[in-house]
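Breakdown of the fold
The primary structure of each chain is shown beneath.
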Amino acid sequence: MIFKSHKSQKGDKYEEVEIVSLDERACRALQDENEANRLIEEFLPFIKSRVRRFIYGYDEIRFDDYQSIAMLAFYEAIKSYDQNRGHFLTFANQIIKLRLIDGLRKESRYQEKIVLLSDEKEPYDNSPASTAAAMSSYAFASQNALLSMEIEQFKMELQEWEITLLSLYEQSPKHNSLQKTCRQVVIQCYENQEITEIIQVKRYLPIKKIAKLTNVPEKKLERVRKYLLASLIILTGDYEYLAEYIKLNGGGAV
């Protein structure tokens, strides 16, 4: 993210404003507590959006608890960031995700103990074949549960963009040539830091920038806006299984 320079007039004097990238600001914030606080304040919408992916429903007390975890994780990212780790926002997103998962695991431990106690009276077969079958069944069930959770997360995030699954399907490219173009556009956008940060932080799809980057006319991009946005939401978010589905199918959301 680049903050464009400009000149501001004060009487007859002009002040040059420095161009500073987000990565550079994060590095400065390591030594400047005021800058760290400014970053947290500016990126609060981004932090809240990460929490919403983990916390469902209208339990605001629970949401506030996890928002505190996410804010501390964002601060942790500031204090442990260096540019050798890649882009700051990607690094911060990963730290937030890890801390939220830790919080959910701690929360679920009590429930796991109840499940274990409820199974104590059942006969237990500890043979290798039975153990392997149980592990396979558990892995399959866990994967399906995680995929279902990701789909629910995805649907909720689409609602924030005022997109329904039906409207997404209706706007999906039907012809092979347009599908191929969309896949190329999605890949180019995904690899462009400025565009992905605009989507994640400023919360809009920069059609003009995408048209300039990909040499695809704006009108053509507008016709598949929801499709492009949905694909990029999955690829830039915490959607491990849906992202794998996109990669297997060449870069499209649906």
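Residues numbered from 1 in each chain as written. Predicted model: local features only at pLDDT ≥ 70, side-chain atom pairs only at ≥ 80, totals over all residues. Heavy atoms only, no water.

The next point concerns helix α10 (residues 207–214). Since the α-helix advances by 3.6 residues per turn, residues separated by three or four positions end up pointing in the same direction. Buried within α10 we find I207, I210, A211 and T214. Angularly, the buried residues of α10 cover 100 degrees about the axis, an arc narrow enough to put them on a single face. Exposed side chains of α10 directed beyond 90 degrees from the buried face belong to K208 and K212. Residues of α10 that are buried in the fold lie against α8 (176–190), α9 (193–202), α11 (218–223) and α12 (225–236). Directly beyond the C-terminal end of α10, a positive phi value near 60 degrees is found at N215. (Buried < 20%, exposed > 50% of the residue type's maximum accessible area, 1.4 Å probe, protein only. Helix = DSSP H or I, 4+ residues; strand = E, 2+ residues; numbered from the N terminus. Arc of directions from axis to C-beta. Contact = heavy atoms within 4.5 Å.)

Right, let's get into the nonpolar core. Residues F154, L205, L221 and L228 are the most contacted members of the largest nonpolar core, which totals 30 residues. Of all the secondary structure elements, the ones that give two or more residues to this core are α6 (128–160), α8, α9, α10, α12 and α13 (240–248). A total of eight residues in this core trace back to one element, the largest contributor, which is α12. Here L228 is in contact with C182, V185, V186, L205 and L221, once residues within four sequence places are set aside. (Core = buried A, V, L, I, M, F, W, Y, C linked by side-chain atoms within 4.5 Å.)

Across all of its chains, the model carries five aromatic pairs by this definition. Ring centres of F74 and F88 lie 5.5 Å apart, and the angle between their planes is 85 degrees; on these two criteria the pair is classed as edge-to-face. Taken as a pair, F74 in helix α4 (residues 60–80) and F88 in helix α5 (residues 88–118) lie far apart in primary sequence, 14 residues in all. Given the relative accessible area of 0%, F74 is considered buried. Under the relative-accessibility criterion, F88 is labelled buried at 0%. On the basis of an interplanar angle of 40 degrees and a centroid distance of 5.8 Å, the ring pair of Y81 and F91 is categorised as tilted. Placement of Y81 in the loop between α4 and α5 and of F91 in helix α5 is noted, with a sequence separation of ten residues between them. (Phe/Tyr/Trp six-rings, centres within 6.5 Å; stacked < 30°, edge-to-face > 60°.)

Moving on, we get to the packing of α8 against α10. Where α8 meets α10, the axes come as close as 10 Å, and the angle between the chain directions of the two elements is 105 degrees. Of the possible angle classes, the one that applies to α8 and α10 is roughly perpendicular. In this structure, α8 uses V185, Q188 and C189 to contact α10, whose residues at the interface are I210, L213 and T214. Residue classes in the contact of α8 with α10 are distributed as four nonpolar, two polar and no charged. (Axes fitted to C-alpha atoms, helices over the stretch in contact; angles between N-to-C directions. Parallel < 35°, antiparallel > 145°, perpendicular 65-115°, else oblique. Nonpolar A, V, L, I, M, F, W, Y, C, P; charged D, E, K, R; others polar.)

Our next topic: the confidence of the model for the protein chain. Summing up the model confidence of the protein chain, the mean pLDDT is 75 and the portion of residues at 70 or higher is 70%. Averaged over each element, pLDDT in the protein chain is lowest for strand β1 (residues 7–10) (44) and highest for α10 (94). Every residue in residues 1–18 is under pLDDT 50, and counting partners more than four places away or in other chains gives 30 contacts. Taken as a whole, residues 110–142 scores under 50 in pLDDT and shows two contacts with residues more than four places along the chain or in a different chain. (pLDDT = per-residue confidence, 0-100.)

On to the environment of N192, then. Mapped onto the elements, N192 comes out in the loop between α8 and α9. Judged by relative accessible area, N192 falls into the partly exposed class, the value being 22%. Counting along the chain gives 18 residues from N192 to I210, while the straight-line C-alpha distance between them is 9.6 Å.

Following the criterion strictly, the structure yields nine salt bridges and no others. Measuring nitrogen to oxygen at the nearest pair gives 2.8 Å for the salt bridge that ties E35 to R38. Here E35 and its partner R38 are both found in helix α2 (residues 33–42), three residues apart, which amounts to about one turn of the helix. Residue E35 is classed as buried on the basis of its relative accessible area, which comes to 10%. The closest approach of N and O atoms between E160 and R203, which form a salt bridge, is 3.1 Å. Note that E160 is positioned in helix α6 and R203 in the loop between α9 and α10, a separation of 43 residues in sequence. By relative accessible area, E160 is classed as partly exposed at 45%. (Salt bridge = Lys/Arg side-chain N within 4 Å of Asp/Glu carboxyl O.)

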